[in-house]
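The lines below spell out each chain.
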Amino acid sequence: MKGEKRGVDPALAGKLAECDGGGPIPGTRLAGRQEFKGTLTGEYIESGDPPWRWYLMVDLVVKPDAFDAEAVWCLQGNFYPEGED
């Protein structure tokens, strides 16, 4: 994607975190809250104007029942590393 920036934040790599997000409710046109818990890789993608930064979470131990992927991108500000305020 044009204007996309990729990078790694080593301070987040390997941290267990919770991530809140939104997603479609199957069988409806509605969206609802989704919760994830997994390990941050520190990898990020930044795009848009103003830029939005998304961090990659893997090894998911909590995810919605209908979520089949093994990783998820979490918006900065919507994830909470364990042990941090």
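Whatever comes next refers back to the structure up there.
All figures in this text were calculated on a predicted structure; none of them were measured in a lab.

(A) Focus on the overall build of the protein. Counting secondary structure elements, the protein contains zero helices and six strands. Secondary structure of the protein in N-to-C order comes out as β-β-β-β-β-β. If you line up the protein on its principal axes, its C-alpha atoms span 35 × 35 × 25 Å. Residues classed as buried in the protein amount to 29% of the 85 residues present. Contacts spanning at least 24 positions in sequence make up 45% of the contacts within the protein whose residues lie at least 6 apart. Only carbon and sulfur atoms are counted for the fraction: they give 52% of the accessible area of the protein, which is about 5900 Å². Positive and negative side-chain charges of the protein, numbering 9 and 15 respectively, have mean locations separated by a distance of 6 Å.

(B) Examining the nonpolar core more closely. Counting twelve residues, the largest nonpolar core consists of Leu12, Ala17, Cys19, Phe36, Leu40, Tyr44, Tyr55, Met57, Leu60, Val72, Cys74 and Phe79. At the level of secondary structure, the elements contributing two or more residues to this core comprise β2 (16-24), β3 (31-47), β4 (52-62) and β5 (71-75).

(C) Molecular detail of the packing of aromatic side chains. Counted according to the given criterion, the structure contains four aromatic pairs. Geometrically, the ring pair formed by phenylalanine 36 and phenylalanine 67 is edge-to-face, given 4.9 Å between the ring centres and 75 degrees between the ring planes. With phenylalanine 36 in strand β3 and phenylalanine 67 in the loop between β4 and β5, the pair connects residues that are 31 residues apart, well separated along the chain. Ring geometry for tyrosine 55 and phenylalanine 79: centres 5.2 Å apart, planes at 70 degrees, overall edge-to-face. Within this pair, whereas tyrosine 55 is found in strand β4, its partner phenylalanine 79 is found in strand β6 (residues 79-81), the two being separated by 24 residues in sequence. An identical accessibility class is assigned to tyrosine 55 and phenylalanine 79; each is buried. These aromatic residues form a ring-pair network of at least three members: Tyr44, Tyr55 and Phe79. Positioned over the ring face of tyrosine 44 is arginine 53, at 3.7 Å from the centre of the ring.

(D) The pairing of β3, seen in detail. Looking at chain direction, strand β1 (residues 5-8) and β3 are connected through four bridges and run antiparallel. Looking across to β3, one finds that arginine 6 is bridged to isoleucine 45. Where β2 meets β3, nine bridges bridge the pair, whose relative direction is antiparallel. Bridge assignment links alanine 17 to a residue of β3, and that residue is glycine 38.

Rules used in this analysis
- Residues numbered from 1 in each chain as written.
- Predicted model: local features only at pLDDT ≥ 70, side-chain atom pairs only at ≥ 80, totals over all residues.
- Heavy atoms only, no water.
- Helix = DSSP H or I, 4+ residues; strand = E, 2+ residues; numbered from the N terminus.
- Buried < 20%, exposed > 50% of the residue type's maximum accessible area, 1.4 Å probe, protein only.
- Contact = heavy atoms within 4.5 Å.
- Areas by Shrake-Rupley, 256 points an atom, 1.4 Å probe, with all protein chains shown as cover.
- Lys, Arg positive; Asp, Glu negative; His and termini not counted.
- Charge placed at Lys NZ, Arg CZ, Asp CG, Glu CD.
- Core = buried A, V, L, I, M, F, W, Y, C linked by side-chain atoms within 4.5 Å.
- Phe/Tyr/Trp six-rings, centres within 6.5 Å; stacked < 30°, edge-to-face > 60°.
- Lys NZ or Arg CZ within 6 Å of the ring centre and 35° of its normal.
- Pairing = 2+ DSSP bridges.

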